[in-house]
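Residue strings, one per chain:
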Amino acid sequence: EASTTFDTLVRQSLKWKYIPTVTPELKSITVGGAAVGLGLESSSFKHGLFHNSVMECDVLLADGCIVTCTPHNQYSDLFFAIPNSLGCFGYLLRVRLRIVACKPYVLMENVLYESHDVLVNKILNECSSV
């Protein structure tokens, strides 16, 4: 359901050791809201924006019709117009999205740098080696 909050989605998917590819920190954001808005978080560097995980969606159009949009069906133009549209093209009723397996712990490392210049040089070096 597109009206499902990320709080609910994450709690339910964690039961099976899965998580959305991009999970906004604000718990009250809905899946549909993130799809039609700009859903990004720290995992976006790897998985893109939230709407990049959407595989299919049901959209309620202004004339009352409900259509299923995918990248490869007759409504593909609508599918690609939905992200960042803020709901201008219709109301999302259902979203099918890609999720990923998750591990029980996350390794976090805090690194302190002596100056802004040292930090910027480290980032530039890391980015050039990718």
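Scroll up a little and you will see the structure.
These figures come from a predicted structure and were not determined experimentally.

Calculation criteria
Residues numbered from 1 in each chain as written. Predicted model: local features only at pLDDT ≥ 70, side-chain atom pairs only at ≥ 80, totals over all residues. Heavy atoms only, no water. Helix = DSSP H or I, 4+ residues; strand = E, 2+ residues; numbered from the N terminus. Rg over C-alpha atoms; globule rule 2.2 N^0.38 Å. Buried < 20%, exposed > 50% of the residue type's maximum accessible area, 1.4 Å probe, protein only. Contact = heavy atoms within 4.5 Å. Lys, Arg positive; Asp, Glu negative; His and termini not counted. Charge placed at Lys NZ, Arg CZ, Asp CG, Glu CD.

1. Examining the overall build of the protein
Part 1 of the reasoning: Across its full length, the protein carries five helices and five strands.
Part 2 of the reasoning: Against the 2.2 N^0.38 benchmark of 14 Å for 130 residues, the protein shows a C-alpha radius of gyration of 18 Å, more extended than a compact globule.
Part 3 of the reasoning: Overall size of the protein, expressed as C-alpha extent along the three principal axes, is 60 × 30 × 25 Å.
Part 4 of the reasoning: Across the 130 residues that make up the protein, the buried fraction comes to 28%.
Part 5 of the reasoning: At a minimum sequence separation of 6, the contacts of the protein that also span at least 24 residues come to 56%.
Part 6 of the reasoning: Charge separation in the protein, taken as the distance between the mean sites of 10 positive and 12 negative side-chain charges, equals 11 Å.

2. Topic: unusual backbone geometry
Most peptide bonds take the trans form, and the phi angle of most residues other than glycine is negative.
Part 1 of the reasoning: In the Ramachandran plot, lysine 17 falls in the positive-phi region, its phi being about 65° despite a non-glycine side chain.
Part 2 of the reasoning: Note that lysine 17 resides in the loop between α1 (6–14) and β1 (18–20).
Part 3 of the reasoning: With phi around 65°, asparagine 84 is a residue other than glycine that occupies positive phi space.
Part 4 of the reasoning: Mapped onto the elements, asparagine 84 comes out in the loop between α4 (76–81) and β4 (91–97).

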